[in-house]
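Coordinates in review
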Amino acid sequence: MPVFFLRTPAREYAALVSRGTISRIHEFVPPSAGKIFAVTTDDVWQLHGAAFSAGTGGRPFHVIRFAGGEQRKRLVSVETMAEEMIASGADRSSLVIAFGGGIVTDLAGFLAAVFMRGVPLIQIPTTLLAQVDAGIGGKTGANLVSGKNLIGSFHQPLAVLIDPDMIATLPEREYRAGLFEVVKYGVIASEPLFRLLSAHRDAVLARDPQVVEQIISESVRIKCEVVSADEKESGLRRILNFGHTVGHAIEAETTYSRLLHGEAVAVGMKAATLLARNIGLLGAPDCREILDTTARYSDFPSVADLSPQNLLARLARDKKSVQGTVHFVLPRRIGEVEVLAGLPGDAILESIKAALA
Ligand code: GLY
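Let us look at the structure shown here. These figures come from a predicted structure and were not determined experimentally. (Residues numbered from 1 in each chain as written. Predicted model: local features only at pLDDT ≥ 70, side-chain atom pairs only at ≥ 80, totals over all residues. Heavy atoms only, no water.)

**A word on the side chain of Thr41**
As a reminder, the rule being used: To qualify as a helix, a DSSP run of H or I must reach at least 4 residues; to qualify as a strand, a run of E must reach at least 2; elements of each kind are numbered from the N terminus. For every residue, the accessible area obtained with a 1.4 Å probe (protein chains only) is divided by the maximum for its type, and the residue is called buried under 20%, exposed over 50%, and partly exposed between those limits. We define a polar contact as two N or O atoms separated by no more than 3.5 Å, with the added condition that, inside protein, one atom must be a possible hydrogen donor and the other a possible acceptor, whereas residues neighbouring each other in sequence contribute only through side-chain atom pairs.
Examined against the element boundaries, Thr41 turns out to sit in the loop between β3 (36-40) and α2 (42-55). A relative accessible area of 10% places Thr41 in the buried class. Within the local environment of Thr41, its side chain forms a polar contact with the side chain of Asp43, the two groups lying 2.6 Å apart.

Right under this line is the structure:
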């Protein structure tokens, strides 16, 4: 059973990747913990609520049901949940367990970060996207109308419990959207992971359990290494934003309603790859392979009608921009990226145009 460790100044903790790991929740609930609050969505609770209850070892808990959706990942939802906690007798010893996809892990994480100035948190991500990325590393937050995740905080959990078996029940579109974050890890840090995705598309899409466990484990390994080296994204952690600069702009431009996060990242990775090629950073064969592999998993609504100019204007408002300068994570080759700023606006615009097509 792979166990990966995150060593941050705030806390050291484990990310466990193991079938049935949800049965071990009780092992990670500290003896000092008061009331437990599980934040989840109806669909996740229907599928996995019984396993969650069994995993708590008979400890009582209160379920907070979040309606779900990127459009509801807003401060007002955090306030509503906090009121529900108070009404149900929460205090400073309460424990929040985030049990859902990336929206839930971000929002429930933020709730734990700010409730009575911070209560402990356990992350149990249930979608591929959350298992390989959002549920690990302590980033929490909510969206503003102006942009994605513009309010938030770092709040490291006590543990992350990842059960690859949960992937079997994910809707196809959610699964594919999560795969783009796995493609991301391949491009930024693991040529073998990238090759697995490009050579074994059928097994990946068939959700062969061994392949699913392998791609999750390799992604989690990379994420844990990167966050352990740079918890607060002052350096290395920025590489995890490959595809996210344009991806976040697309999400905000479409008011979070058209594409799932991973799908927007796919378009963003295409833009970043084309930009890297345009400025001569990336060779033609690697460029072609990244674009081909991304396309092989793509099956989502078109964004060809979006205005490249509008997206360009949004980039400066993204939180990865510093004093209006847009930072891009660009591949040098498959398995290695570089963070660059101050790139020519016309090259950026051309790459966005080509990526939307
Ligand atoms: N999702 C990017 C990060 O955790 O830094």
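Having seen the structure, we can now continue with the description.
**Regarding the sheet that holds strand β9 (residues 159-162)**
Definition in use: A pair of strands is labelled paired if DSSP reports no fewer than 2 bridges between them. Here an angle of 0 to 180 degrees is reported between the N-to-C directions of two axes, which are lines fitted to C-alpha atoms, with helices fitted over the stretch in contact. Throughout, a contact is declared for two residues whenever any of their heavy atoms are within 4.5 Å.
If you trace the seven strands from one edge of the open sheet to the other, you get β1-β2-β9-β6-β5-β3-β4, paired in mixed fashion. The sheet is open, and its two edges are formed by β1 (3-7) and β4 (61-65), each paired on a single side. Each adjacent strand pair in this sheet contributes to an overall mean axis angle of 15°, direction not counted. Here helix α9 (residues 209-229) sits on the sheet in contact with β1, β2 (12-17) and β9, set at roughly 15° to β1.

**Quick word on a nonpolar patch on the surface**
This is how the line gets drawn: The patches described consist of residues with a relative accessible area above 30% and no salt bridge, like charges being joined within 9 Å and nonpolar side chains (Val, Leu, Ile, Met, Phe, Trp, Tyr) within 5 Å. We get accessible surface area from the Shrake-Rupley algorithm with a probe of 1.4 Å; when it comes to residues, only the shown protein chains can shield them. Each salt bridge in this description consists of a side-chain nitrogen of Lys or Arg and a carboxyl oxygen of Asp or Glu lying within 4 Å of one another.
Nonpolar side chains collect at one region of the surface, where Met1, Val3 and Phe5 lie side by side and expose about 280 Å² of accessible area between them. Of note, Met1 is situated in the segment before β1.

**Quick word on unusual backbone geometry**
Positive phi, normally seen in glycine, also occurs at Met116, with a value near 50°. By secondary structure assignment, the location of Met116 is in the loop between α4 (102-114) and β6 (121-125). By relative accessible area, Met116 is classed as partly exposed at 35%. Even without glycine at this site, Tyr256 takes up a positive phi of about 60°. For Tyr256, a relative accessible area of 11% corresponds to the buried category.

**Things to note about the site of the ligand**
Condition: Nearness is defined per residue: one heavy atom within 4 Å of the molecule or strand is enough. Note on residue classes: Ala, Val, Leu, Ile, Met, Phe, Trp, Tyr, Cys and Pro are nonpolar, Asp, Glu, Lys and Arg are charged, and everything else, Gly too, is polar.
Around the ligand, a shell composed of Asp133, Lys139, Lys223, Glu233, Arg237 and Leu240 is seen. Take Asp133: an N or O atom from its side chain is 3.0 Å from a nitrogen atom of the ligand. Lys223 places a polar side-chain atom, nitrogen or oxygen, 2.5 Å from an oxygen atom of the ligand. Alone, the ligand offers 200 Å² of accessible surface; in the complex the protein occludes 90% of this. For the shell around the ligand, a count of residues per class yields one nonpolar, no polar and five charged.

**Comments concerning the packing of aromatic side chains**
Our working rule: Here the aromatic set is Phe, Tyr and Trp, taking the six-membered ring for Trp, and pairing holds for ring centres within 6.5 Å; pairs whose planes are under 30 degrees apart are stacked, those over 60 apart are edge-to-face, and all others are tilted.
Scanning the entire structure with this criterion turns up six aromatic pairs. Look at Phe52 and Phe61: their rings are 5.2 Å apart centre to centre, the planes differ by 70°, and that puts the pair in the edge-to-face class. Taking the centre distance of 4.9 Å and the plane angle of 45° together, the rings of Phe52 and Phe99 count as tilted. Taken together, the positions of Phe52 in helix α2 and Phe99 in strand β5 (residues 95-100) put the pair 47 residues apart, joining distant regions of the chain. A relative accessible area of 0% means that Phe52 is categorised as buried.

**Points about the packing of helix α6 (residues 172-189) against α9**
Here is the rule we go by: Each angle gets one of four labels, with under 35 degrees taken as roughly parallel, over 145 as roughly antiparallel, 65 to 115 as roughly perpendicular, and the rest as oblique. Definitions for this section: a left-handed crossing has its near helix turned counterclockwise from the far helix by less than a right angle. A right-handed crossing has that turn clockwise.
Two elements in contact, α6 and α9, have axes separated by 10 Å at closest approach and are oriented at 55°. By the criterion of interaxial angle, the relationship of α6 to α9 is oblique. In this structure, α6 meets α9 at a crossing whose hand is left-handed. Between α6 and α9, the contacting residues are Tyr175, Leu179, Val182, Tyr185 and Ala189 on the first element and Val212, Ile215, Ser219, Ile222 and Lys223 on the second. Here the contact of α6 with α9 is built from residues that sort into eight nonpolar, one polar and one charged.

**So, helix α11 (residues 261-278)**
For clarity, the cut-off: Given a helix with a known number of residues, its expected span is that number minus one, times 1.5 Å.
Taking 1.5 Å per residue as the helical rise, α11 with its 18 residues ought to reach 26 Å, and the 25 Å between its terminal C-alpha atoms agrees with that figure. Counting buried positions along α11 gives 15 out of 18 residues, so the element sits mostly inside the fold. Gly280, located one to two residues past α11, shows a positive phi value of around 80°.

**Section: the layout of surface pockets**
This is how the line gets drawn: The definitions used throughout rest on a 1 Å grid laid over the protein atoms alone, on which a cavity is an enclosed set of points accommodating a 1.4 Å probe that cannot get out and a pocket is an open set flanked by protein within 12 Å on both sides along at least five of seven lines; lining residues are those having an atom within 4 Å of a point. Grid points are joined across faces, edges and corners, and a volume is the space filled by probe spheres set on the points.
One number sums up the size of the second largest pocket: a volume of about 210 Å³. Lining the second largest pocket we find 15 residues, and of these Val267, Lys270, Ser298, Phe300 and Ala355 sit closest to its centre. Of all the secondary-structure elements, those providing two or more residues to the lining of the second largest pocket are α11, α12 (284-296) and α14 (345-356). Partitioning the lining of the second largest pocket into residue classes produces ten nonpolar, three polar and two charged.

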